[in-house]
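Each chain is listed here by its residues.
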Amino acid sequence: MNTNLIFNNTEIAFSLKSDSELERAYFLFKMISIEPLVRIGTVATNFALKAHLPIEGLIRSTVFDHFCGGVSEDDCLVSINNMYEKGVSSVLDYSVEGKESETEFDGAKDKLLKIIEFAKNLDAIPIAVFKPSAFGRFYLYEKLSNGGDILTEKEQEEWDRVVARFDSVCAKAKAYDVAVLIDAEESWIQDAADDLVRALMAKYNTEKPIVYNTLQMYRHDRMLFLEAEHAKAKVGNYYLGFKLVRGAYMEKENDRAEDKGYLSPICVSKAATDQNFNTALNYMLGNLDDMSVFAGTHNEDSSYLLMDLMRKKGIANNDARVWFGQLYGMSDHISFNLANEGYNVAKYMPFGPVKDVMPYLIRRAEENTSVAGQTGRELALLSKEKKRRKSI
């Protein structure tokens, strides 16, 4: 197998896209490639939504339908089934953000329980996902992450409810054999989340990984953390599950560190982050008897590295302990070509009401604008497939 050629197969990459969907994708990425347009569009969209202007239909037919599966679980089913026919699974991601009340936290927990119930009889949805801040106040995580702070009696009661939400989701996930990925947060609240997820791993990962934590490898301390977690799991006799990503809050992390006068937790360069990510892949592939990895990456080099490590270590392409993951609407050339080679691949499929999902969509647009080469690569591949179809 010549891995150097796999991701260039646009016929496989875009096999689910009609000609009109291909044109829409090209148009969207072309617009996203223009940074001033993204900034203006973000401001205009937020204003229009707050002013209750009738633009949801336009958003739904363009950027929403490209990056989201639908407004509900049932709404996503057509896309879920179509992708699964090509070997690509789905991770349903209820991408409603910024909630702060107990009622909203309970609603997010109930939504996760519903997703797991929905996934129970669908092989196409082997994994669920949520963010810690969807189940409790940011302030609580921050206070608990600061080793010197102690919760008040009322805050402890509130935190107990957060723990109960986590536990109910993980219990149902284990009962239905659906893995659950718990996303990472900002570094100054991550310690509390890590402590909670570790306890859940010890409780529910007794036969295999069900509960997965997330490692943002742009943090220079995460390899040491991974090694320490491995040692604790060996002592506790439970399995580890980790989603590896590069990270999502770099500017915020660096700005806060500068403002408060402490060493930034972020690696000094993109190259250092890449090395950290790849070192973690090597470590986890060398310890698969103890852990499973979900490699969340749009980076072709890291994807090739993981494929190569699996080949060298004699790990089957479809080994249940190794997953590749990308976002819905992005890097189809990686996802569908990997699936075509028999690897385990899952797309994060966001869904939710159009207005509530807008913060997610804005982040996707900004990410594609800021990540060097990301949008250019998408446009080049889409252009290649358009030319291929015209030549037939």
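Refer to the preceding data block for the structure.
Only a predicted model underlies this, so the values are computations on that prediction, with no experimental measurement involved.

Q: Is there a simple way to explain the state of the cysteines in this structure?
A: As used in these notes, a disulfide is a covalent bond between sulfur atoms, one from each of two cysteines. Across all of its chains, the model carries zero disulfides by this definition. Of all cysteine sulfurs in the structure, the one in C76 sits closest to C68, which takes part in no disulfide; the separation is 8.4 Å. Look at C68 and you get buried, because its relative accessible area is 2%. Overall, C76 belongs to the buried group, its relative accessible area being 0%.

Q: I tried to follow helix 3 (residues 19–32) on my own but got confused; where do I start?
A: For an α-helix, 3.6 residues make a turn, and residues three or four places apart therefore share a direction. Helix length check: helix 3 (14 residues) gives 20 Å between terminal C-alpha atoms against 20 Å at 1.5 Å per residue, within 8%. Every buried residue belonging to helix 3 is among L22, A25, L28, F29 and I32, and all of these are buried. Along the long axis of helix 3, the arc covered by the buried residues comes to 125°, so they all point the same way. The outward face of helix 3, more than 90 degrees from its buried face, is lined by the exposed residues D19 and S20.

Q: So what exactly am I meant to see when it comes to the side chain of N205 here?
A: With respect to the element layout, N205 can be found in the loop between helix 10 (187–204) and strand 4 (211–216). According to the relative accessible area criterion, N205 is buried, its value standing at 0%. Reaching out from N205, the side chain makes a polar contact with the backbone nitrogen of I210 at a distance of 2.9 Å.

Q: I keep staring at the packing of aromatic side chains and nothing clicks. Help me out?
A: How two aromatic rings sit relative to each other is given by the distance of their centres and the angle of their planes. Under the definition given, this model contains 10 aromatic pairs. Plain terms: the ring middles of F7 and Y304 are 4.4 Å apart, the flat faces sit at 20° to each other, and that makes the pair stacked. Residue F7 is found in the loop between helix 1 (3–6) and helix 2 (10–13), and its partner Y304 is found in helix 14 (residues 300–312); the two are separated by 297 residues along the sequence. For Y304, a relative accessible area of 15% gives the class buried. Seen in terms of ring centroids, F130 and F166 are 5.1 Å apart; in terms of plane orientation they differ by 70°. Their pairing is edge-to-face. Linking F130 in strand 2 (residues 127–130) with F166 in helix 9 (residues 153–176), this pair joins segments that are 36 residues apart in sequence. What makes F130 buried here is its relative accessible area of 3%. By relative accessible area, which is 0% here, F166 ends up buried.

Q: Explanation requested: the pairing of strand 1 (residues 88–94) in the structure shown.
A: A regular strand carries its side chains on alternate faces of the sheet. Counting buried residues in strand 1 gives six out of seven residues, a clear majority hidden from the surface. Alignment of strand 1 against strand 8 (residues 345–351), held across seven bridges, turns out to be parallel. Within strand 8, the position partnered with Y94 by the bridge is F351. Direction of pairing for strand 1 relative to strand 2: parallel, over a ladder of two bridges. The residue of strand 2 that forms the bridge with V91 is I127.

Q: I keep staring at the sheet that holds strand 8 and nothing clicks. Help me out?
A: Strand pairing within a sheet occurs via backbone hydrogen bonds; the two strands may be parallel or antiparallel. Reading around the circumference, 1-2-3-4-5-6-7-8 is the order of the eight strands in this closed barrel, with parallel pairing throughout. Pairs of neighbouring strands in the sheet enclose a mean axial angle of 30°, with direction left out of account. Bridge count for strand 3 (residues 179–182) against strand 4 is two bridges, and the pairing is parallel. Counterpart to V180 in the pairing with strand 4 is V211. Contacts from helix 6 (residues 73–85) reach strand 1 and strand 8 within the one sheet, and its direction differs from that of strand 1 by about 160°.

Q: Would you mind going over the environment of L288 with me for this structure?
A: One can find L288 in the loop between helix 13 (270–285) and strand 6 (291–296). The exposure class assigned to L288 is buried, which follows from its relative accessible area of 7%. It is 8.6 Å that separates the C-alpha atoms of L288 and V322, two residues lying 34 residues apart in sequence. When sequence neighbours within four positions are dropped, the list of residues in contact with L288 reads I315, R321 and V322.

Q: When you look at the nonpolar core in this model, what are you seeing that I'm missing?
A: Most often, soluble globular proteins have nonpolar side chains that are buried together. Ranked by size, the top nonpolar core spans 77 residues in total, and within it L92, F166, V211, L244 and L285 carry the most contacts. Element by element, the count of residues in this core is highest for helix 10, at eight residues. Residues F29, V63, V91 and V129 belong to the second largest nonpolar core, which totals 33 residues.

Q: Before we go on, may I ask you to explain unusual backbone geometry in this structure?
A: Excluding glycine, residues mostly have negative phi values, and the peptide bonds linking residues are mostly trans. Phi is positive for D177, which is not a glycine, with a value near 55°. Its place among the elements puts D177 in the loop between helix 9 and strand 3.

Reading the values: rules and limits
Residue numbers run consecutively from 1 along every chain, following the written order of its sequence. Per-residue local features are limited, in this predicted model, to residues with pLDDT of at least 70; the limit for side-chain atom pairs, both in listing and counting, is 80 or more; totals at the level of whole chains, interfaces and linings are taken over all residues. Hydrogens are left out, water is left out, and the side-chain values use all remaining heavy atoms of the structure. For the purposes of this analysis, a disulfide is any pair of cysteine sulfur atoms at a distance within 2.5 Å. Note on classification: 1.4 Å probe, protein chains only; a residue is buried when its accessible area is under 20% of the maximum for its type, exposed when over 50%, partly exposed between these limits. Secondary structure follows DSSP: runs of H or I at least 4 residues long count as helices, runs of E at least 2 residues long count as strands, and numbering of each begins at the N terminus. To estimate how far a helix should extend, the number of its residues minus one is multiplied by 1.5 Å. Here, the arc refers to the directions that run from the helix axis to the C-beta atoms. Contacts described as polar in this section are N or O atom pairs within 3.5 Å, which, within protein, must combine one atom able to donate a hydrogen with one able to accept it, while residues neighboring in sequence count only if both atoms come from side chains. Two rings belonging to Phe, Tyr or Trp (six-membered ring only in the last case) form a pair when the distance between their centres is within 6.5 Å. Interplanar angles under 30 degrees mark stacking, angles over 60 mark edge-to-face geometry, and anything in between is tilted. In this description, strands pair whenever DSSP reports at least two bridges between them. In this analysis, axes come from line fits to C-alpha atoms, helices being fitted only over the stretch in contact, and the angle between any two N-to-C directions falls in the range 0 to 180 degrees. We call two residues in contact whenever any of their non-hydrogen atoms come within 4.5 Å of each other. Side-chain atoms within 4.5 Å are what join buried Ala, Val, Leu, Ile, Met, Phe, Trp, Tyr and Cys residues into a set we call a nonpolar core.

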